[in-house]
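A structural walkthrough
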Amino acid sequence: MVGFHLLAAPAGPEDRRLIHDAAAAVSVADSVEITVGWLAPGVSASVFLEATGAAHAALFSTGDRAAAARYGQALARVNPGCALAFYGAPAAPPETEAFFTGLFPARPCAFLRSPALGDLVLFLRGVLHALEERELFRWETKALRLQLPYEQILYFQSDRNVVRVHLAGGGEHQLTGKLDTVEAAVPSGLFLRVHQSFLVNRAAIRLVDKSRKMVTLSDGEEIAVSKARYKETLSQ
């Protein structure tokens, strides 16, 4: 992937150094640029919200229990896709872990007790590799094995028992199967079903023409929006 943004609220200089070293190690090992956004104690709400939007992962010290809980819950609202880990000191009571993991009954989070450099590296690499999986469309049959970055896909088109994968810059691939199966296979939120026969990359949509009920894509191509999908398309 091109870049990885880590949000961190360390308890002190030693924590900050440890997180910095872990990010540097992963950056070198995985050839990815990692930027770290450091949250100072008592950061304003506006600064916090601006910092969280682009974060792929977050590390919050439980040294200030109330602040860590507040950060975590705000992050879950603003950026639910961000991987979240709380970390504590060896002296932290056992109920501390239960408190933080219990904040998000429907959202997994990690709790690292007195993490060493290797623990932080494992956490960051796990998040990074999960993101890389999300960036690739994979389709495998007996006759075909296809891997494509989602950013290269403009849209999928159903054509009877074939799904055509239309690519940015021209060209296409053909898959044997149904568009419903493809839609179920791609990450939620990346594509929009504008028609029974078309599944469009949201990032490629440049214009929604309400009067003509058409969407215009980044390459200038226009695709009709069906009546059944019109309200859903407009709400995106």
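Throughout what follows, the structure given in this document is the object of discussion. (Residues numbered from 1 in each chain as written. Predicted model: local features only at pLDDT ≥ 70, side-chain atom pairs only at ≥ 80, totals over all residues. Heavy atoms only, no water.)

1. Things to note about the overall build of the chain
Stated formally: The helix count covers DSSP runs of H or I at least four residues long, the strand count covers runs of E at least two residues long, and both are numbered beginning at the N terminus. Partly exposed residues are those whose accessible area sits between 20% and 50% of the maximum for their type, while under 20% is buried and over 50% is exposed, using a 1.4 Å probe and protein chains only. Here, two residues are considered to be in contact whenever any of their heavy atoms come within 4.5 Å of each other. The charged-residue count follows a simple rule in which Lys and Arg add positive charge and Asp and Glu add negative charge, with His and chain termini not counted at all. Where a charge sits is defined by one atom per residue type, namely NZ (Lys), CZ (Arg), CG (Asp) or CD (Glu).
Looking only at helices and strands, the chain features seven helices and 15 strands. Dimensions of the chain, computed from the C-alpha atoms along their principal axes, are close to 65 × 40 × 30 Å. Expressed as a percentage of the 236 residues in the chain, the buried residues total 41%. Residue pairs in contact within the chain that sit at least 24 positions apart in sequence constitute 57% of those at least 6 positions apart. Where the 24 positive side-chain charges of the chain centre and where its 24 negative ones centre are 8 Å apart.

2. Side note on the pattern of salt bridges
The condition that has to hold: Salt bridges are defined by distance alone: a side-chain nitrogen of Lys or Arg within 4 Å of a carboxyl oxygen of Asp or Glu.
Taken as a whole and judged by the stated rule, the model has ten salt bridges. With a shortest N-O distance of 2.9 Å, Asp21 and Arg17 are connected by a salt bridge. Of the two residues, Asp21 and Arg17 both sit in helix H1 (residues 13–30), four residues apart, roughly one turn of that helix. Assessed through its relative accessible area of 40%, Arg17 is described here as partly exposed. Across the pair Asp30 and Arg125 runs a salt bridge whose closest N-O atoms are separated by 2.9 Å. Of the two residues, Asp30 sits in helix H1 while Arg125 sits in helix H5 (residues 117–134), which places them 95 residues apart along the sequence. Each of Glu14, Arg17 and Asp21 takes part in one network of salt bridges that share partners.

3. Brief notes about the sheet that holds strand S14 (residues 214–217)
We count it as follows: Two strands qualify as a pair provided DSSP detects at least 2 bridges between them. As a rule, the C-alpha atoms of each element are fitted with a line to give its axis, helices using only the stretch in contact, and angles between N-to-C directions run from 0 to 180 degrees.
Read across the open sheet, the three strands follow the order S13-S14-S15; overall the sheet is antiparallel. Looking at which strands have only one partner, the edges of the open sheet turn out to be strand S13 (205–209) and strand S15 (222–224). In this sheet, neighbouring strand axes are inclined to one another by 25 degrees on average, regardless of whether the strands run parallel or antiparallel. Inspection of the sheet shows S13 paired to S14 by four bridges, in the antiparallel sense. Of the residues in S14, the one forming a bridge with Asp209 is Met214.

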